[in-house]
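Structural overview for review
Below, each chain spelled out in residue letters.
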Amino acid sequence: MGEICRKDLLGRNLSRMKKLFPKEYNIFPQTWVMPADYSDFQTFCRLKKHKTFISKPEASCQGRGISIFKNPKSIKPGEHCVVQQYISRPFLIDDFKFDLRVYVLVTSCDPLRVYIYRDGLGRFATIPYREPTHHNLEEACLHLTNYSINKNSQDFIRDDVCGSKRRLSTVNQWFSDNDYDTGKIWATVDDVIIKTLVAAHPVLRHNYRSCFPSHTHGSACFEILGFDILLDRKLKAWLLEVNHSPSFHTDSPLDKEVKEGLLSDTFHLLDLRATDRRRCMEEDKKRVQQRLLTRHRTKEENCREEEERVRSVLRSQAYEERHMGRFRRIYPVREREDDTYCRFFEQTSSLCAETAASKARMELARLQRQEIEEKAKEEERRKTTLGGRGERREKGEEMGEVQVEEQSRVRVAARRRVPFRLTSSKKTEQTAGAGESRKTEQPATAEETRETLEYEVIDEEEERERLAGLQVRERLVRNLDLPQTLSFLLASPRSPPPLPTSTLPLPRRHSSTHHCSHITQSTPQPLLSLHSKPFVTKSGPPFRCWQSSLDPLEAFGLVVTAAPVTSRHPPTHRP
């Protein structure tokens, strides 16, 4: 019952229903739940000035924390409270403001059955009512009708007929004596109570089914609620709040008569026995054993269980009608065949699925479904593209063994850090022309593209030989200074160009105490003779390296002089 017994949740639920049914759910004052509705509250105050408001805590009782104000700046932006528009023109009896404490009994929530106790309490303020002004906003006994506040006032009168607390039967008699239609007044009160319970019915039914999923014989719980109803000058009923646990203290003989009769008639109506708890526990254990030890229940068994539940509901309802006492049933409605509250139930059943969070979840689920479908289509397309892969396998091989073998080879190659090569089934055609070679490729078909994407595992011995040959070639090129020699020959075949005298540090190849030299350029000398000497490698044709009869540095006109330099680093030797 927290959905209607907490002031903040009651305001949210009724405000939500009022947006759907503005005319039918105009049963409670304009409400703002702070701090979520702070901006809406400030906008309302700018549009409609000189209004009076009442502030209440979110979850409190007995009039604690209630304040009345006119200045909207009295509410801070981050304050947690419930603000309502103050009903400044209430109906008065003997010039006193009053409200009605109506006791409501809910015997079942699935289906919903609601009863009203014929006798309740009329609670009166102890100061004659005046419309709120800046001078009387602090007078709680003038604006509030709570018994816990007015009982401490010096003007509190203890009288059953004209006192500050009266029975509902006395209030009804006053209406009849003053020519007011009592039946019409209570029809509006019944309507307010039913609509309030309908607003909380989806959550209430869900909680009941979660706690008692297998209970079929009667109702497993009940609730006595205290509705506080205020009448305005047009005798329109307004809901102030709902009390989850109304007070059953008996401070006076009036309280004792009303509350003892309420509890006595409640127990007679519910038909409570000492064996009900034990019987319910035995039924739960039996159902758990059947669910664990037997097969799934058939459709016929479910139908029989539903029929038994319906018969149990009818038996309970018939028993309650025979033992109502001073209760009267307000729902289900007897007089009308067409229930006017059905559309409210239909709308509230969908409210749980139409919140902002649920809409976001539904949108996310839709996007996830689309993503999964796209991935499935992409996987199917990839399998179709690579479908010829299994046809190239030998007929005696199974695909599982081939995949295991390939995975093992890949793991071995990755462990040894041997790269993969992509193989292409389409050979490139080479065409010669004008002293250069050109490669022309024809467009590959789908099958050739499939073969191009395959990996070929490289033989380890061949790769090792290839790397060794590359190292030998790099060492020869570095030791023979082929790039410098070729660039010199191409630039000037007979004599090198004159170079200015400069001192340049040689690159450090061997680290020692006296390893760093300075090169001083002198007058260039003519190159005496050049001859070629072939170098033959293990693989590939022989190539020629040009060498000079002079020293390489002397051929370029360079003189080497040593300069002692101390090295800070340990010697490093290259292969």
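Now for a description of the structure that goes with this document. (Residues numbered from 1 in each chain as written. Predicted model: local features only at pLDDT ≥ 70, side-chain atom pairs only at ≥ 80, totals over all residues. Heavy atoms only, no water.)

In the structure shown here, the tally under the stated rule is 28 salt bridges. Among the salt bridges present, the one from Asp 119 reaches Arg 326, with a minimum N-O distance of 3.6 Å. Of this pair, Asp 119 sits in the loop between strand E7 (112–117) and strand E8 (121–124) while Arg 326 is found in the loop between helix H10 (299–322) and strand E12 (327–331), placing the two residues 207 residues apart along the sequence. Its relative accessible area of 1% is what places Asp 119 among the buried residues. The salt bridge partner of Arg 315 is Glu 308, with a shortest N-O separation of 3.5 Å. Judged by relative accessible area, Arg 315 falls into the partly exposed class, the value being 45%. Several salt bridges share partner residues, and in doing so they unite Asp 99, Arg 101, Arg 123 and Asp 228 into one network. (Salt bridge = Lys/Arg side-chain N within 4 Å of Asp/Glu carboxyl O. Helix = DSSP H or I, 4+ residues; strand = E, 2+ residues; numbered from the N terminus. Buried < 20%, exposed > 50% of the residue type's maximum accessible area, 1.4 Å probe, protein only.)

Here the focus is the environment of Pro 132. One can find Pro 132 in the loop between E8 and helix H4 (140–143). In this structure Pro 132 comes out as buried when scored by relative accessible area, which is 9%. Placed 46 residues apart in sequence, Pro 132 and Tyr 86 show a C-alpha to C-alpha distance of 9.2 Å.

If you trace the four strands from one edge of the open sheet to the other, you get E1-E4-E2-E3, paired in antiparallel fashion. Edge positions in the open sheet fall to strand E1 (31–33) and strand E3 (67–69), since each of these has one partner strand only. Geometrically, the sheet is characterised by an average inter-axis angle of 25° between neighbouring strands, direction not taken into account. Strand direction decides the pairing type here: E1 and strand E4 (residues 82–85), joined by three bridges, are antiparallel. Its bridge partner lying in E4, Trp 32 is registered against Val 83. Sheet contacts for helix H2 (residues 7–20): E1, strand E2 (53–56) and E4; angle to E1, the most-contacted strand, approximately 120°. (Pairing = 2+ DSSP bridges. Axes fitted to C-alpha atoms, helices over the stretch in contact; angles between N-to-C directions. Contact = heavy atoms within 4.5 Å.)

Take the packing of helix H6 (residues 168–177) against helix H7 (residues 182–211) next. When two helices pack together, their arrangement is given by the angle between the helix axes and the distance between those axes. Relative to each other, H6 and H7 sit at 130°, their axes nearing to 9 Å. Taken together, the axis directions place H6 and H7 in an arrangement best described as oblique. Contacts between H6 and H7 pair Leu 168, Asn 172, Phe 175 and Ser 176 from the former with Thr 182, Ile 185 and Trp 186 from the latter. Class assignment for the residues of the contact of H6 with H7 results in four nonpolar, three polar and no charged. (Parallel < 35°, antiparallel > 145°, perpendicular 65-115°, else oblique. Nonpolar A, V, L, I, M, F, W, Y, C, P; charged D, E, K, R; others polar.)

Next up on the list: helix H16 (residues 482–491). Taken together, the buried positions of H16 are occupied by Leu 482, Thr 485 and Phe 488. Within H16, the buried residues cover an arc of 135° as seen down the axis, which keeps them to one side. Within H16, the exposed residues directed more than 90 degrees away from the buried face are Leu 490 and Ala 491. (Arc of directions from axis to C-beta.)

Turning our attention to a nonpolar patch on the surface. A contiguous nonpolar surface patch, about 430 Å² in accessible area, is contributed by Phe 222, Phe 248, Leu 263, Phe 267 and Leu 272. As for its position among the elements, Leu 272 is in the loop between helix H8 (253–270) and helix H9 (276–293). (Patch = residues over 30% accessible without salt bridge, like charges linked within 9 Å, V, L, I, M, F, W, Y side chains within 5 Å. Areas by Shrake-Rupley, 256 points an atom, 1.4 Å probe, with all protein chains shown as cover.)

Turning our eyes to something else, we now look at unusual backbone geometry. A cis geometry characterises the amide bond from Asp 110 onward to Pro 111, with omega recorded as 5°. If you trace the backbone, Pro 111 turns up in the loop between strand E6 (96–109) and E7. Cis rather than trans, the peptide bond between Tyr 331 and Pro 332 has omega equal to 0°. As for its placement among the helices and strands, Pro 332 is situated in the loop between E12 and helix H11 (342–351). The backbone phi angle of Asp 179 is positive, close to 65°, even though this residue is not glycine. Counting through the fold element by element, Asp 179 comes out in the loop between H6 and H7.

Inspection of the secondary structure puts Thr 384 in helix H12 (residues 356–385). In terms of polar contacts, Thr 384 uses its side chain to reach the backbone carbonyl oxygen of Glu 380, at 2.8 Å. (Polar contact = N/O pair within 3.5 Å; in protein donor to acceptor, adjacent residues only side chain to side chain.)

Here we come to the pairing of strand E11 (residues 237–243). Most of E11 is tucked away, with six of its seven residues classed as buried. Pairing of strand E10 (residues 223–231) with E11, which is carried by six bridges, proceeds in the antiparallel orientation. Note on E11: the bridge partner recorded for Asp 228 is Glu 241. Here E10 hands over to E11 after five residues, with Leu 235 in that stretch at a positive phi of 60°.

Nonpolar side chains in soluble globular proteins generally cluster together in the buried interior. Tyr 25, Val 102, Ile 193, Leu 197, Phe 227, Ile 229 and Leu 231 are the most contacted members of the largest nonpolar core, which has 47 residues in total. Formed by twelve residues, the second largest nonpolar core is a distinct cluster that contains Tyr 117, Ile 224, Leu 254 and Met 324. (Core = buried A, V, L, I, M, F, W, Y, C linked by side-chain atoms within 4.5 Å.)

Counting buried positions along E7 yields six of six residues, so the element is predominantly enclosed. The two faces of E7 match: Leu 112, Val 114 and Ile 116 on one face and Arg 113, Tyr 115 and Tyr 117 on the other face are all buried. As paired elements, E6 and E7 share five bridges and run antiparallel to each other. Bridge assignment links Val 106 to a residue of E7, and that residue is Val 114. Counting the residues that bridge the hairpin from E6 to E7 gives two residues. Pairing between E7 and E12: four bridges, direction antiparallel. Looking at the pairing, Ile 116 lines up with Arg 328 of E12.

Compared with an ideal rise of 1.5 Å per residue, which puts 18 residues at 26 Å, H8 spans 26 Å between its outermost C-alpha atoms and is within 8% of the ideal. Asp 271 sits one or two positions beyond H8 and adopts a positive phi of about 55°. (Expected span 1.5 Å × (residues − 1).)

Moving on, we come to the packing of aromatic side chains. Under the definition given, this model contains 21 aromatic pairs. Note on Phe 91 and Trp 174: the rings are 6.1 Å apart at their centroids and 80° apart in plane angle, and the pair reads as edge-to-face. Of this pair, Phe 91 sits in the loop between E4 and strand E5 (92–93) while Trp 174 sits in helix H6, placing them 83 residues apart in sequence. For Trp 174, a relative accessible area of 21% gives the class partly exposed. Members of the aromatic cluster, joined through ring pairs, are Phe 91, Phe 98, Phe 124, Trp 174, Phe 175 and Tyr 180. (Phe/Tyr/Trp six-rings, centres within 6.5 Å; stacked < 30°, edge-to-face > 60°.)

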